[in-house]
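# Per-entry structural report
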Amino acid sequence: MADTQAQLLTTPLHSLHIELGARMVPFAGYDMPVQYPAGVKKEHEHTRSQAGLFDVSHMGQVRLRGDKAATSLESLVPVDIIDLPVGKQRYALFTNTDGGILDDLMVTNYGDWLYLVVNAACKEQDIAHLKANLDPGVELEVLEDRALVAIQGPTAAAAVARLAPEVAELKFMDSRQMPIDGVECYVSRSGYTGEDGFEISIPAADADRLCRLFLEQPEIEPIGLGARDSLRLESGLCLYGHDIDTSTTPVEGGLIWAISKSRRADGARAGGFPGAERILQQIADKKFSRKRVGLVGEGRAPVREGTELFDTDSNRIGQVTSGSFGPSIGKPVAMAYIDTAHAALDTVVFASVRGKLLPMTVTKMPFVEQRYYRG
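Residues numbered from 1 in each chain as written. Predicted model: local features only at pLDDT ≥ 70, side-chain atom pairs only at ≥ 80, totals over all residues. Heavy atoms only, no water.

### Remarks on the packing of helix 3 (residues 40-49) against helix 8 (residues 225-234)
Running from N to C, helix 3 and helix 8 point in directions that differ by 55°, and their axes come no closer than 8 Å. Comparing their axes, helix 8 and helix 3 come out oblique. Once helix 3 is placed against helix 8, the crossing between them reads as right-handed. Each of Val40, Glu43, His44, Thr47 and Arg48 in helix 3 lies in contact with helix 8, whose residues at this interface are Gly226, Ala227, Ser230, Leu231 and Glu234. Here the contact of helix 3 with helix 8 is composed, by residue class, of three nonpolar, four polar and three charged. (Axes fitted to C-alpha atoms, helices over the stretch in contact; angles between N-to-C directions. Helix = DSSP H or I, 4+ residues; strand = E, 2+ residues; numbered from the N terminus. Parallel < 35°, antiparallel > 145°, perpendicular 65-115°, else oblique. Left-handed = near helix turned anticlockwise from the far one by under 90°. Contact = heavy atoms within 4.5 Å. Nonpolar A, V, L, I, M, F, W, Y, C, P; charged D, E, K, R; others polar.)

Encoded structure:
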């Protein structure tokens, strides 16, 4: 175990997590806090009612520069990058030639450069994918010397504004470079909990000090990966490698909204991304064998990832990809891929849990209202 521990990478906030009493676990090659002494349920509830600070420094941060940066990146995603306004962020997907999803990411236009945030487990392959496919004139820089934290919750804006009044001017998916207590940060009003809040990129050398300042605000408590997962699940947000992967297209994954109008069949720059033919055909035909749905159960027993799903005649119709007890709604919640014939809202399906078939109902996502600040 000592050897495994020695091989794990650490974030710039590692010593702070230890000091705060976090239980550390291996995650995507890093030693990360899964929970603090309060526990996952209380951390989840605190984020929904107040504000939580999440260390997401394990994620990849990348800068792209050059005249062809936007055009070149746009050739790898079904998203409008060329017309992304300065100071705006957009959700994007790397697709492969079969229309499968290689990763999901966030892209920000900072004027003379693009800022990308990619998933921790995929960052090496994403960077290799970019290097192999971007125009040779595009300069790619991996920002290894920066931490990344999220501050999420209904009181996040008031708390962060005490240290950086400028954040009050941001709306959902706005991004800005701004000083926080004298430190130049990249701040977006976005997150992965369904709540209002910010994602803040901080120079690694200043991360510990700034995060201690954030935690001095009475609303903000540290939150681990356990609550991060239950919060994003309640909010219907996909986790790469679980709810979406190379075997799922954006259409099957319920992510048609992420495919920009300009890149669709009748758009100004239709197609031109890997897997476009299959993805655009699925949008046009509305023919695909399975789709991602939300499920709500009864009782309190959580239905976990990998659980098989059956119809009323005991035919296997799908599988759960993420599942937990939803503290905010007091019921088990899950995401699953099921046969499209059984994917209509209010359809009852049965989850096989320890030899019992537990009823679950196909439900609209998100399971809790998203409370992004749109102005």
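### Here we look at the pattern of salt bridges
A side chain with one charge can pair with a side chain of the opposite charge if their charged atoms come near. All chains considered together, the criterion is met by 24 salt bridges. Linking Lys41 and Glu45 is a salt bridge whose minimum nitrogen-to-oxygen distance equals 2.8 Å. With Lys41 and Glu45 both in helix 3 and four residues apart, this pair spans about one turn of that helix. Judged by relative accessible area, which is 32%, Glu45 ranks as partly exposed. Arg48 serves as the salt-bridge partner of Glu234, at 3.0 Å between the closest nitrogen and oxygen. Pair noted here: Glu234 is in helix 8 and Arg48 is in helix 3, with a separation of 186 residues, a long-range link. By relative accessible area, which is 0% here, Glu234 ends up buried. (Salt bridge = Lys/Arg side-chain N within 4 Å of Asp/Glu carboxyl O. Buried < 20%, exposed > 50% of the residue type's maximum accessible area, 1.4 Å probe, protein only.)

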